[in-house]
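Architecture and fold: a report
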Amino acid sequence: MPVVQQFNSAVGSLASSSAIDLLRNIIFLHVLSRFGSKAFYLLRVKGIVGATKEFIGQVVQTVIKTVRSSVPGANAAIQSEIQKQIKAVEEKTAPDVPGEKKYLALPPAGLSEAAVRGELVRYQKMAPTYWKDGKVSGAIYHGGGELSTLLGEAYSIFNLANPLHPELFPGIRKMEAEVVSMVLNMYNAPPGACGNMTSGGTESLLMAVKTYRDMARQLRGVTEPEMVIPVTAHAALDKGSNYFGVKIIHIPIDSTTGKVDIKKMAAAINRNTIMLVGSSPNFPHGIIDDIPEIAKLAKAHKIGCHVDACLGGFLVPFMEKAGFPLPHPVDFRVEGVTSISCDPHKYGFAPKGSSVILFRTKQIRNHMYFVQTEWPGGIYGSPSIAGSRPGALIAGCWTAMIKFGEDGYIKSTQDIVGVARKLVAGVKAIDGLRIIGDPLVSVVSFDSVGAIKIYGVADYLTKKGWHLNVLQFPQAIHIACTLLTLNGADDLLQDLRDAVALLKANPNMAGGEVTAIYGTAASIPDRSIVGDVTRGFLDSLTKA
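Anyway, here's the lowdown on the structure attached to this text. Keep in mind it's a predicted model, so treat the numbers as computed, not measured.

**Thoughts on the overall build of the protein**
In terms of helices and strands, the protein carries 15 helices and 13 strands. The C-alpha extent of the protein, read off along each of the three principal axes, is 105 × 65 × 60 Å. Sorting the 544 residues of the protein into buried and exposed places 43% on the buried side. The contacts in the protein between residues at least 6 apart in sequence include a share of 72% that link residues at least 24 apart.

**Considering helix α7 (residues 236-244)**
The set of residues buried in α7 consists of A236, L237, G240, S241 and F244. For α7, the arc enclosing every buried residue in end-on projection is 155 degrees, short of the 170-degree limit, so these residues lie on one face. The inward-facing, buried residues of α7 abut α6 (201-220), β2 (226-230), β3 (247-251) and β4 (273-279). In the segment just after α7, G245 is the residue with positive phi, at about 65 degrees.

**Re the sheet that holds strand β6 (residues 339-342)**
Reading across from one edge, β1-β7-β6-β5-β4-β2-β3 is the order of the seven strands in this open sheet, with mixed pairing throughout. Of all the strands in the sheet, the pair left with one neighbour each is β1 (194-198) and β3. Averaged over all neighbouring strand pairs, the angle between strand axes comes to 20 degrees, with direction disregarded. Relative to β6, strand β5 (residues 304-309) runs parallel, the two sharing four bridges. When the bridges of β6 are listed, A309 appears paired with C342. Here helix α5 (residues 170-186) sits on the sheet in contact with β1, β6 and β7 (355-359), set at roughly 120 degrees to β1.

**Remarks on the packing of aromatic side chains**
In the structure shown here, the tally under the stated rule is nine aromatic pairs. Pairing Y141 with Y347 gives two aromatic rings, centres 5.0 Å apart and planes at 80 degrees, and the pair type is edge-to-face. Taken together, the positions of Y141 in the loop between α3 (113-124) and α4 (145-157) and Y347 in the loop between β6 and β7 put the pair 206 residues apart, joining distant regions of the chain. In this pair, the class of Y141 matches that of Y347, namely buried. Residues F314 and Y409 carry aromatic rings whose centres are separated by 5.1 Å and whose planes lie at 65 degrees to one another, so their mutual orientation is edge-to-face. You can see F314 sitting in the loop between β5 and β6 and its partner Y409 sitting in helix α11 (residues 391-428), a full 95 residues away along the chain. Taking the relative accessible area as the measure of exposure, Y409 reaches 3% and is therefore buried.

**Some thoughts on the state of the cysteines**
Counted according to the given criterion, the structure contains zero disulfides. With no disulfide of its own, C194 lies 15 Å from the sulfur of C342, the closest cysteine sulfur. Among the cysteines around C342, which has no disulfide bond, C310 carries the closest sulfur, lying 7.5 Å off.

**Focus: empty space enclosed by the protein**
One pass over the structure, following the stated rule, counts one cavity of 30 Å³ or more. Computed from the structure, the largest cavity encloses a volume of approximately 40 Å³. Around the largest cavity sit W131, G134, V136, G138, I140, T482, L484 and T485, which together line it. Across the lining of the largest cavity, the residue classes break down as four nonpolar, four polar and no charged.

**Considering the pairing of strand β11 (residues 443-448)**
Each regular strand carries side chains that alternate between the two faces of the sheet. Burial analysis of β11 places six of its six residues in the buried class, the great majority of the element. In β11, alternate side chains face the same way, and those of V443, S445 and D447 on one face and V444, F446 and S448 on the other are all buried. Bridge count for strand β10 (residues 433-435) against β11 is three bridges, and the pairing is antiparallel. In the strand pairing of β11, R434 is matched with D447. Pairing analysis gives four bridges linking β11 to strand β13 (residues 476-480), with the strands arranged antiparallel. Of the residues in β13, the one forming a bridge with V444 is I479.

**A few points about the sheet that holds β13**
Taking strand neighbours across the sheet as the criterion, the four strands line up as β10-β11-β13-β12 in an open arrangement whose pairing is antiparallel. The open sheet has two edge strands, β10 and β12 (469-471), and neither has a second partner. Between one strand axis and the next, the sheet turns by 30 degrees as a mean value, whatever way the strands run.

**As for the pairing of β5**
The element β5 is largely enclosed, with a buried count of six among its six residues. With five bridges connecting them, β4 and β5 associate as parallel partners. Counterpart to M275 in the pairing with β5 is G304. Between the parallel pair β4 and β5, the chain is carried across by helix α9 (residues 291-301), and the sense of this crossover is right-handed.

**Quick notes on the environment of A208**
For A208, the location among the structural elements is in helix α6. Given a relative accessible area of 0%, A208 falls into the buried group. Along the chain, A208 and V277 lie 69 residues apart, while their C-alpha atoms are 10.0 Å from each other. Dropping the residues within four chain positions of it, A208 is found in contact with M275, H306 and I357.

**Comments concerning the side chain of S412**
Relative to the assigned elements, S412 resides in helix α11. Here the side chain of S412 touches Y409 through a polar contact of 3.0 Å, landing on its backbone oxygen. With near-sequence residues (within four places) excluded, S412 lies in contact with F349, F404 and L483.

**A closer look at the nonpolar core**
Counting residues in each nonpolar core, the largest one holds 98 residues, and the members touching the most others are V183, V457 and L496. Ignoring sequence-local partners within four residues, the contact set of V183 consists of F314, C342, V356, L358 and M401. With 25 residues, the next largest nonpolar core counts L206, A208, V222 and A236 among its residues.

Reading guide: rules and limits
Residues numbered from 1 in each chain as written. Predicted model: local features only at pLDDT ≥ 70, side-chain atom pairs only at ≥ 80, totals over all residues. Heavy atoms only, no water. Helix = DSSP H or I, 4+ residues; strand = E, 2+ residues; numbered from the N terminus. Buried < 20%, exposed > 50% of the residue type's maximum accessible area, 1.4 Å probe, protein only. Contact = heavy atoms within 4.5 Å. Arc of directions from axis to C-beta. Pairing = 2+ DSSP bridges. Axes fitted to C-alpha atoms, helices over the stretch in contact; angles between N-to-C directions. Phe/Tyr/Trp six-rings, centres within 6.5 Å; stacked < 30°, edge-to-face > 60°. Disulfide = S-S within 2.5 Å. 1 Å grid on protein atoms, 1.4 Å probe; cavity = no way out; pocket = protein on both sides within 12 Å on 5 of 7 lines; lining within 4 Å. Points joined across faces, edges and corners; volume = space filled by probe spheres on them. Nonpolar A, V, L, I, M, F, W, Y, C, P; charged D, E, K, R; others polar. Right-handed = clockwise from strand over helix to strand, strands pointing away. Polar contact = N/O pair within 3.5 Å; in protein donor to acceptor, adjacent residues only side chain to side chain. Core = buried A, V, L, I, M, F, W, Y, C linked by side-chain atoms within 4.5 Å.

Structure below.
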């Protein structure tokens, strides 16, 4: 009997050991398979150079994180430096002005109308005025003094309106529907196409992500959704990834054209892909992606294709009639395009807070909606993120569009694109600067060649009163031309020529605030530090 027991025990131990070894091998093979698949996928999408850079970056970030958490005093020293940077940002953004009156609590008694008006003027005078000379990139899309007055009147008339209650404000409901209809017409929408207004380009892009996520989940059972976008696509899509749990795949751009690499985009598509995105144009470099090719990919894989026309929304539809035909359509004439976002509050000159998202069919748009049928407060439904919305902004948008009309927008497109192309030609003539890609619309982006440091150029322009956009990866500058740019284009070109001449004569001059901020940020391998300083900036915005 003891012999039998020993035999059974030996067999049991062997079986147990074999089972553990088998389980260990299965787990190892699973991990190896996942890692191998991810590595192969990354190579297909990013190429050897891009994949290597990403891998090295992840390793460096991991090492830095380990050092910060394990080396005594390391994290404290880094946090101390971060706080110094945040303090400097705060002092610039929200400075403490001795003797300045502040309202940190409700006044014991309300102010008179005259006193309130006086305070409004005081706060308004805090803004710089150099934007009127055309020295600002984008930001202020000014349609003229007469339009501003008219928009103020529209806002005043509808300042109580809320489209959440269409039975109380039927005029606002009608205005919103007409704005959507006019924009659908601008983008050659087919019968049955539809859309809604949102608070801006960011919300429009968020709703596109939410729509395709929900549609893929309901129709295809996708539970780990992914979207494939150009690396130059707007950061609001990264926000949508964060908000809605959609993995984002950034595709490199072609180094010559600045357009997204279509082959790498195709390689990134898999069964979890819910949408592709193309820009018309993109924010960093003003380049229009190859929308027909992106749409062809989307149609072949039966997934969404969103065209982000938020920036060029009221320029691109009028390019041909303005004398600047595009090489290919970027609207619903392209088979496979399923949604488009467009901002009237930029080149449509509507009040800030006005955007439109368009869908090819109502069936797609239904996935954007939120509906709650079981709430004790009643049946609740809303088309986008907001519940209550300012009807006055809808009225202002409607007012701007019918005031300008098609002929007005064709004229503004001629002026804005015309001045942008003047800048392109002027920058190309400056030895030491280089235009990025082939910008066709309003954004002109350029970097430097040779010994010229582009952030040094940016520092010089800042000292001359310019407020342009400073870019990274690669280091560059851009200006989003507006009607105001017509006033300053010649001065900008002259200042660029002067900046390059000075930097050629004395390269050490490249060391101002822009270089300090962006040059340092680009060189910091621990991107969490840049994120911490950015959060400090956001905190400073609510410092009274």
